[in-house]
Amino acid sequence: MGEFFQLLVSGLATGSIYALAAVGFTLLWQASQTINFAQGEFVMLPAFFVLIGTQVLGLNLILGLLFALVVSLLLLGLVFKRLIIDPMLPHGVLPIVISTIALGILLRDSVKEFYSAEAQPFPAIFSERTLSVFGAVISLQDIAILITSLTTITVLQLFLTRTRTGRCMQATAQNRGVAEILGVNVNRMILYTFLINAGLALMASVLISPIYLAKFSNGESIGLIAFIAAIVGGFNQVRGALAGGLLIGVVDNMSAAYISAEYRTAFPLMLLIIIILVRPQGLFGTAEERSV
Amino acid sequence: MRLITIIASLAVLALLVVLPFNLKNYGIYILSLWMVYSIAAMGLNLTLGYAGQVSLAQAAFLGIGAYTTALLMKAGYPFLFGFGLSAGICFCVGLILGYPALRVQHHFLAFVTLGFNALVWLVFRNEEWLTGGTYGLMGFPRPSFFGIDTTNQVAFYFFSLTIFVLLAVILWWIVRSPWGRAFQALRENPIRANSLGVDIRRMTLLAFAIGAAYGGMAGSLFAPLVEFIDPQSFQLNTSLMLLLMVIVGGSGRFLGPVIGALLVVLLPEWLRFTEGMYLIIYASLVMVLLAFCPSGLIGLYERSVAALRARPSGSRGSEKP
């Protein structure tokens, strides 16, 4: 029982990080029909911005994080939208998919070539002490990660539903044309979405890198799991992506411990295939209307 | 126009026959690899370019073909048996993989096939008793036909070239046949195609199955060419590279994947002086190309030809598609 509880908590903690990436992924899809195949690399990269800040520029951790925030918002938000997505939008979904695949390769190999091919230790943001609860060893870091990402997603959800800007963003996501007629600055709302995605990626990066170390190839598995989380939860729902992330985190952890460590990644994949076949709109999603 | 096409393809074929005699072993190996990737990419082009079904699992079929052939040849069966069986197995698996495509489209399909590729990769890596796990498989001989041994690099090249030409002709025929038109109808507008009497269920499954069989046959050639196979060669990245080959060359164009494959095989050689930068440069080129010309290199070529033609006539230059 102790072991189960322990696995549950650590699964929820990593799951909540996946949820951050998955939420960004769904927001991008809603706002601009962009399927970002480089999302995993977007989560891998900001950790290296922090490392560049702290090690190359000699900043302390707080300033390094701020530096990474600014660079992430600029590169992964603004530049990504203006330089990669905007020219591609008229061509449709598939060219964007291909272009972001290429972008992922570009980011991965750039980090490998220009920073390091080795895994880099990353400073822990939270205390790494452990607690003993009912015979289960719970790391404080896991609890802190869980609280941080859940709070972030709650705040984001409140922003989207309770503020004027958030509602304008939702209107843009639901029906671009109508939103524009009603006086919403559609382009700006889409830019906000890209910036939020960049912020979420930074957050996921900073939370996950102390656990898995910062490495150029991390994006592959993170990206795959973020897609799975987004689809399992429901492609067009923030809370769906959250639930999907948590579910995948737990499934991944439990199946590795109780079924087969070698086939660990197979279980989320099978869950993905089953969900797509049985309920393509995801566990929490609503079916998108099909246009002829 | 038709005569020009025939002359041009004969000229290219003649070049491909003469070329290996002027190259070192490594160059011939690269050419053979181009043939292998071209076959896999041609199959993917049928699924993606003609029938419009996104598949990110071509590397899995390449792998299934390679492992099937390698295991059978290690057990002493002739190559052609392995080749046929690889095509058969991949055809059936492709048929099964096509089923999700009946329910979901576009990006969902991309994710299902991507998941499938990752699952197959896990099997290659974990089932050590069968696939040798991360150590891979080696020690299978190259095939020989009618007393001609293909251990020689040139002989194997001609063998791959023959199979490539055969498969290209078959695909050419499929694409020109009513089937090919049905595939394109499926891509352009499935509902309209259905109302015109195209059985979209069957065509979708077939598009997957034939594409997969081409992947399997390419894998079947890949194993004796490289003479060593491990799971690394068939991971998701390879699927993405194959997808890029099709798109960069020009998806839905017959020669698109062949040109895309040539680029992927040659670029690392040309860009050797940049050391590790090859993928960075390639990825940047892909993004720029897609932004300016989503129909790929062939589209770019057609566009520039059209622009050149339009210039002399002057006043009526607005006929661009």
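See above for the structure.
Residues numbered from 1 in each chain as written. Chains lettered and ligands numbered in written order. Predicted model: local features only at pLDDT ≥ 70, side-chain atom pairs only at ≥ 80, totals over all residues. Heavy atoms only, no water.

Turning our eyes to something else, we now look at the overall build of chain A. Scanning chain A for helices and strands turns up 11 helices and 2 strands. For chain A, the C-alpha radius of gyration of 19 Å lies close to 19 Å, the compact-globule estimate for 292 residues. Seen through its C-alpha atoms, chain A measures out along the principal axes to roughly 60 × 50 × 35 Å. Each of the 292 residues in chain A was classed as buried or not, and the buried ones make up 55%. (Helix = DSSP H or I, 4+ residues; strand = E, 2+ residues; numbered from the N terminus. Rg over C-alpha atoms; globule rule 2.2 N^0.38 Å. Buried < 20%, exposed > 50% of the residue type's maximum accessible area, 1.4 Å probe, protein only.)

Turning to the interface of chain B and chain A, a few remarks are in order. Chain B puts 39 residues into the contact, and the matching count from chain A is 41 residues. Here chain B meets chain A over a buried area of about 3,600 Å², counting both sides, of which 79% is carbon and sulfur. Of all residues in chain B, Phe-108, Phe-111 and Met-287 of chain B bury the most surface against chain A, accounting for 18% of the area lost on that side. Joining chain B to chain A, the criterion identifies 0 salt bridges. The tally of links from chain B across to chain A stands at 5 residue pairs in polar contact (both at pLDDT 80 or more). Looking at the side of chain B that touches chain A, the elements with two or more residues in it are helix H4 (79-103), helix H5 (106-126), helix H11 (236-249) and helix H13 (278-292) of chain B. Counting residues per element, the side of chain B that touches chain A draws most heavily on H5 of chain B, which supplies 13 residues. Of the residues in the side of chain B that touches chain A, the class split is 29 nonpolar, 7 polar and 3 charged. (Contact = heavy atoms within 4.5 Å. Buried area = accessible area lost by both parts, 1.4 Å probe. Salt bridge = Lys/Arg side-chain N within 4 Å of Asp/Glu carboxyl O. Polar contact = N/O pair within 3.5 Å; in protein donor to acceptor, adjacent residues only side chain to side chain. Nonpolar A, V, L, I, M, F, W, Y, C, P; charged D, E, K, R; others polar.)

Further remarks concern the packing of helix H2 (residues 39-56) of chain A against helix H3 (residues 61-88) of chain A. Residues and elements named next belong to chain A. Close contact between H2 and H3 brings their axes to 8 Å; oriented N to C, the two are set at 135°. Here H2 lies oblique to H3, going by the angle between them. Crossing of H2 over H3 shows right-handed handedness. Contact residues: Phe-42, Leu-45, Pro-46, Phe-49, Val-50, Ile-52, Gly-53 and Thr-54 in H2; Leu-61, Gly-64, Leu-65, Phe-67, Ala-68, Val-71, Ser-72, Leu-75, Leu-76 and Phe-80 in H3. The residue makeup of the contact of H2 with H3, split by class, is 14 nonpolar, 4 polar and no charged. (Axes fitted to C-alpha atoms, helices over the stretch in contact; angles between N-to-C directions. Parallel < 35°, antiparallel > 145°, perpendicular 65-115°, else oblique. Left-handed = near helix turned anticlockwise from the far one by under 90°.)

Residues and elements named next belong to chain A. One pass over the structure, following the stated rule, counts 8 salt bridges over all chains. Across the pair Arg-108 and Glu-41 runs a salt bridge, and its minimum N-O distance is 3.0 Å. Note that Arg-108 is positioned in helix H4 (residues 93-114) and Glu-41 in helix H2, a separation of 67 residues in sequence. The class for Arg-108 is buried, based on a relative accessible area of 10%. A salt bridge links Asp-86 to Lys-81, with the nearest nitrogen and oxygen atoms 3.2 Å apart. A network of salt bridges, in which partner residues are shared, links Glu-41, Arg-108 and Glu-220.

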